[in-house]
Every structure is written in C-alpha cells, then in structure tokens.
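Here is how the chains run, residue by residue.
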Amino acid sequence: MSMEQLRRLAVVMVQDGDPPDQVADLLQVSERSVWRWLSAWRERGDGGLVTRPGWGRPPKLDDIQASQVLEWLNRNPCDFGFATERWTAPRVATVIRDRLGVQMNHRYLNDWLARRGITPQVPERRPRERDEGVIRTWIARQWPVIKKK
C-alpha cells in the first residue's frame, strides 16, 4: 500500500467514526501523523494527501540498472573475471563501473545491497574429490555400526 493510500484510508476511517489513536494503532503509524493527515485533508482536500517528491540526491542507478545488478549477483563472480567465487562490495562496484559506466562507492553499495536483502555471503567450501554417493553409502552402512559402539 502506498503512503497516499495509507493517508486516504486513515482519513476515511476517522470520518467513519474511528478514533485517531485506534486508526494509528491499526495502521502502525503515529497518532500525530493521523492528525497531520486530517489537517492537510481539511485544508487542501485530496491534494493534501499526495506524496511529495523525495528529497536528496537522485539515485545513480535507475530501476532497470538496479535489477540488472541484482541479477549479476546470482551469477558466479568468476564469470566477471574475478579469481574467487565471492562477491564483495568493491567487486560489485567494479562491475557496475565497467558494465554500466556508473561510479559507486563500495561502502554505499554495502548499504544499497543490505536494503535489498543481500548480505555478504561466503560460499561453502567443497572439495573437488567429494563423492556424494560414497558419502550416502558410508552413512547408511558404516555410521550405524560405529554409532552402536
């Protein structure tokens, strides 16, 4: 639900007789916000509930570029010329610079990735010689014998 929809819902609920404190609890916002929205609605109508454009610097990556970067993270870093299979913020910054021509600070990228639910991961180390079939057989046959002792 967008902020605009949330504000309109709060105003409608108060108009229908719900107390502002209960509306705030139900919508998980502060009671002060509900009162501000009511005041804005009384002064400017629906225009008082419209979301203003955001403040601050515009994002360096548009939505298409951001989704492209997130798709890259599903691939192996070795595909991009790195020696190991570990994504790091400096590596992501390098790929963004090389592929999209956008310079981003790796410290900012840590936060950017965390806001999208991506945290640093270390791949599980697995020996090349590992044979799952042999392991399953050992667990099925040898482990019960050892465990009984």
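Residues numbered from 1 in each chain as written. Predicted model: local features only at pLDDT ≥ 70, side-chain atom pairs only at ≥ 80, totals over all residues. Heavy atoms only, no water.

Novice: Mind showing me how you'd approach helix α5 (residues 89-100) here?
Specialist: An α-helix turns once every 3.6 residues. As a result, residues three or four positions apart point the same way. The terminal C-alpha atoms of α5 lie 16 Å apart, and with 12 residues this matches the ideal 16 Å at 1.5 Å per residue to within 8%. Taken residue by residue, α5 has A89, R91, V92, A93, V95 and I96 as its buried positions. Turning to α5, the residues buried within the fold contact α4 (63-72) and α6 (106-115). G101 sits one or two residues past α5 and shows a positive phi near 75°. (Helix = DSSP H or I, 4+ residues; strand = E, 2+ residues; numbered from the N terminus. Expected span 1.5 Å × (residues − 1). Buried < 20%, exposed > 50% of the residue type's maximum accessible area, 1.4 Å probe, protein only. Contact = heavy atoms within 4.5 Å.)

Novice: Help me understand the packing of aromatic side chains, please; the structure alone is not making it clear to me.
Specialist: Geometry of an aromatic ring pair is reported as the spacing of the ring centres plus the angle between the planes. Inspection of every chain in the model, using the stated rule, returns four aromatic pairs. Site record: aromatic cluster; members linked through ring pairs are W72, F80, F82 and W87. In this arrangement the basic side chain of R99 is found over the ring face of W72, its NZ or CZ atom lying 6.0 Å from the centre. (Phe/Tyr/Trp six-rings, centres within 6.5 Å; stacked < 30°, edge-to-face > 60°. Lys NZ or Arg CZ within 6 Å of the ring centre and 35° of its normal.)

Novice: It is not clear to me how the environment of T137 should be interpreted in this structure. Could you clarify?
Specialist: Secondary-structure assignment places T137 in helix α7 (residues 132-148). Since its relative accessible area comes to 37%, T137 is described here as partly exposed. Between the alpha carbons of T137 and T88 there is a distance of 38 Å; along the sequence they are 49 residues apart. In this structure the side chain of T137 is engaged in a polar contact, spanning 2.9 Å, whose partner is the backbone oxygen of G133. (Polar contact = N/O pair within 3.5 Å; in protein donor to acceptor, adjacent residues only side chain to side chain.)

Novice: Teacher, can you tell me more about the packing of helix α2 (residues 20-27) against helix α3 (residues 31-44) here?
Specialist: Two numbers describe a pair of packed helices, the interaxial angle and the distance between the axes. Put simply, α2 and α3 touch, their axes get as near as 8 Å, and they point 115° apart. With respect to α3, the element α2 is oriented roughly perpendicular. Viewed along their axes, α2 and α3 form a crossing whose handedness is right-handed. Of α3, the residues touching α2 (which contributes P20, D21, V23 and A24) are E31, V34 and W35. In the contact of α2 with α3, the residues fall into five nonpolar, no polar and two charged. (Axes fitted to C-alpha atoms, helices over the stretch in contact; angles between N-to-C directions. Parallel < 35°, antiparallel > 145°, perpendicular 65-115°, else oblique. Left-handed = near helix turned anticlockwise from the far one by under 90°. Nonpolar A, V, L, I, M, F, W, Y, C, P; charged D, E, K, R; others polar.)

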